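Summary of the model geometry
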There are 2 protein chains.
Amino acid sequence: MNSREHIDGFGTVDGQLAVGGMPLDRLAARVGSTPFFAYDRALLDARIDALRAALPDRLELSFAMKANPMPAIVHHLATRVDRIDVASALEMQTALDSTIRADRVSFAGPGKVAAEIRQAVAAGIIVEVESTTEIRRVIAAGDDLGITPTIAVRVNPDFAVKGSGMRMGGGAQQFGIDAEDVPAVLRQYAGDVDILGFHVFAGSQNLNAGILTEAQTKTVDLVSALADHLPYDVRYVNLGGGFGIPYTAKDRPLDLEAVGSGLHGLVDGPLRERFPHASPVIELGRYIVGECGIYVTRVVDRKISRGKTFLVVDGGMHHQLAASGNFGQAIRRNYPLAVGNRVDAADEGGVNVVGCLCTPLDLLGDDVELPPADIDDLIVIFQAGAYGLTASPTAFLGHPAPAEVLV
Amino acid sequence: MNSREHIDGFGTVDGQLAVGGMPLDRLAARVGSTPFFAYDRALLDARIDALRAALPDRLELSFAMKANPMPAIVHHLATRVDRIDVASALEMQTALDSTIRADRVSFAGPGKVAAEIRQAVAAGIIVEVESTTEIRRVIAAGDDLGITPTIAVRVNPDFAVKGSGMRMGGGAQQFGIDAEDVPAVLRQYAGDVDILGFHVFAGSQNLNAGILTEAQTKTVDLVSALADHLPYDVRYVNLGGGFGIPYTAKDRPLDLEAVGSGLHGLVDGPLRERFPHASPVIELGRYIVGECGIYVTRVVDRKISRGKTFLVVDGGMHHQLAASGNFGQAIRRNYPLAVGNRVDAADEGGVNVVGCLCTPLDLLGDDVELPPADIDDLIVIFQAGAYGLTASPTAFLGHPAPAEVLV
């Protein structure tokens, strides 16, 4: 996707990018300082609507808060999704502060310490256990608190999903219990703790509908086989997520209709037949929030060095690390950029957009076509709604923290 | 360098790694929680001593605080170095809170906003200007405050240093003013502001003494030529730094004697002749603090997945991003690791050390040879004293912030 498509997604007012219908220079004045992150509430709702329209009614939608734990976003989504997945005690507290019911909150991730697990058991949320160590910690916490904990077993599948941005299943993994070991684990612990069901997460940031459908199909087969070893009904089948969003010009958006079609076949077919008492769950973070957010910076210097134009902005990799190509990317590619207060002007030729940090890593746009921009103009980086601020080294070089607003 | 060499650098007590002479399990008890960063005061002093012994007496040593802005470290070093370089208003405040004199503090970095520059001018520190925009902001702040500001011109050299971890000079750059433009800038602004001299920083994390000496020699030539265009004496010649430290097993330490030998030739030769009123400065961050620090985590789970052993620790890439290979590295290589409470035991074979984050990026040791370790053991990552905590996404997934201690 190119920058024009991203601009059109937000819309424009008087030649400015709009967020929540407000022109960007007015929003910047409202925020009072740059840089800042802005999330568009209507785009968030539109994304949920699109998911609901494409996916089967019976399929529950879980928001993976790790993608964006801003409380305003969590509170907004708590009324629009069915479940929230958390990855730490702090994320759990944010979820519990919202209107979501505790038994609709799940807690996944390797390396949960005993104290976190005790908090989760006390809260009555679903602990997605990644190992037998964690099961024993859950049981100990339940005994201590006089509560029967609810868990789901995270399974490391015996298949891998090709073509994901990040592979998180198959082979040797720190995530989950190896599929072949799960039957024995179920037999050993099913009487000590309430095992609601299973979670299989095979990969992340996938833009290929066919691969996602294949993974979901294999997941249903795997979970169906494992369920034979559970002495009671399965009530929770978390199929994972992994729906990607387009970050660079070469990326095409995920074909949501195709993914939905595959899920209709699974949810209304084998999943309904095999698990009549379980609502299947799809867990999405990036796909829900990633495209609704922008990172807004202000140009503080415009320099020509040996024929190359540099726009130096007041933000940088300390707030939006992934856009600099330094967060898990093997190859750096530009994220979509715009001059947010001048979106309708013609491009002036390739310029470099750099952050204010004193390191060459702080490159936000390499030879990018933009309208003419100068000091005080607003440079926008799109696709900043997920794994943005919290996935960045905010203390690096000691610059002030950016604001975050939901508009 | 291998892990054994790093262990020996800190020393051991009763089979445990020692920090400041204290065995690691006792230090962990003193800190009260894991994970944490620990910096060894004696190693810090030893590094300063080694630099003073190898470098010419006339060469001033500046600490680039961006490498580690922990106040205790800054206060400790303020009595041992000649200057401190800062990269933001917050770093400037930390420096000014120490015993260093304001006129021994320099402020470099592109994208300095007018408010930061006004603070720097009010403080009376040296502003290392990166552009004519910044010069005009300095002059405006001086006019406003009734102060004659002191600046140095950061020069983007007309040469590049090969073999640096990060190149920051030569070609088109956001850093500094292109060398060929500097004469006109000096003529235009020398009457409006006190231009003390020059700063040339060609690259970072360099382990090759020959390349560093070549860059320093070219820097002296360049600065000598530029000084002809300044209508008064040069009083500040910052030769940059860029001394690297060995991060992976294949890295060999920098030959400090060789670098020192080259600098003796320059400082006692052309620099003294050409700039009798200027003390030359070398600016180092990573080289001063990088090797004195460790990141200490505790094992929270030990798992076998399909024949592979995983040690899951309570820290991870959210505190020490570079060790996961996700901070500017093209190829991921293991940082040196140890079982800090069992350093003398024999290795048990390759294990994976992973952090507690729910992402496959959170890999701290890939197939690394370690003594047998289990839950509650302490896993240490060396070379964590520079660009560690502040260069990491601490809010990612909402885990608690680690402690930092200077022992």
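What comes next is a walk through the structure. (Residues numbered from 1 in each chain as written. Chains lettered and ligands numbered in written order. Predicted model: local features only at pLDDT ≥ 70, side-chain atom pairs only at ≥ 80, totals over all residues. Heavy atoms only, no water.)

Let's shift gears to the packing of aromatic side chains. Within this structure, the stated rule accounts for 14 aromatic pairs over all chains. Ring centres of B:Phe243 and B:Tyr287 lie 5.5 Å apart, and the angle between their planes is 75 degrees; on these two criteria the pair is classed as edge-to-face. Pair noted here: B:Phe243 is in the loop between β14 (236-238) and α10 (256-274) and B:Tyr287 is in helix α11 (residues 286-289), with a separation of 44 residues, a long-range link. One aromatic cluster is present, built from ring pairs that chain together A:Phe37, A:Tyr39 and A:Tyr295. The ring of A:Tyr287 is capped by A:Arg47, whose NZ or CZ atom sits 4.1 Å from the centre of that ring. Looking at A:Lys112, its charged tip hangs above the ring of A:Phe107, at a distance of 5.5 Å from the centre. (Phe/Tyr/Trp six-rings, centres within 6.5 Å; stacked < 30°, edge-to-face > 60°. Helix = DSSP H or I, 4+ residues; strand = E, 2+ residues; numbered from the N terminus. Lys NZ or Arg CZ within 6 Å of the ring centre and 35° of its normal.)

With that settled, the discussion passes to the side chain of B:Asp301. In this fold, B:Asp301 is placed in strand β16 (residues 293-305). No salt bridge is formed by the buried B:Asp301, whose closest oppositely charged neighbour, A:Arg137, lies at an N-O distance of 5.4 Å. A polar contact of 2.4 Å, which involves the side chain of B:Asp301, links it to the side chain of A:Ser131. Apart from residues no more than four positions distant in its own chain, B:Asp301 is found in contact with A:Ser131, A:Thr133, A:Glu134, B:Phe310, B:Leu311, B:Val312 and B:Ile375. (Buried < 20%, exposed > 50% of the residue type's maximum accessible area, 1.4 Å probe, protein only. Lys, Arg positive; Asp, Glu negative; His and termini not counted. Salt bridge = Lys/Arg side-chain N within 4 Å of Asp/Glu carboxyl O. Polar contact = N/O pair within 3.5 Å; in protein donor to acceptor, adjacent residues only side chain to side chain. Contact = heavy atoms within 4.5 Å.)

Residues and elements named next belong to chain A. Strand order in this open sheet of three strands is β1-β2-β3, and the pairing throughout is antiparallel. The open sheet terminates on both sides in strands that have one partner only, identified here as β1 (12-13) and β3 (22-23). With two bridges joining them, β1 and strand β2 (residues 16-19) adopt antiparallel strand pairing. Bridging across to β2, Thr 12 finds its partner in Leu 17. Where helix α1 (residues 3-10) meets the sheet, it contacts β1 and β2, and its direction lies at approximately 50 degrees from that of β2. (Pairing = 2+ DSSP bridges. Axes fitted to C-alpha atoms, helices over the stretch in contact; angles between N-to-C directions.)

On to the state of the cysteines, then. Residue and element names in this part refer to chain A. Applying the stated criterion across every chain, the model contains zero disulfides over all chains. You can see Cys 356 has no disulfide; the closest cysteine sulfur is in Cys 358, sitting 10 Å from it. Overall, the relative accessible area of 4% leaves Cys 356 in the buried class. (Disulfide = S-S within 2.5 Å.)

Moving on: the environment of A:Glu60. All names here are of chain A. Inspection of the secondary structure puts Glu 60 in strand β5 (residues 60-64). Measuring from C-alpha to C-alpha, the distance between Glu 60 and Ala 190 comes to 25 Å, with 130 residues separating the pair along the chain. Within polar-contact distance, the side chain of Glu 60 engages the side chain of Arg 104 at 2.8 Å.

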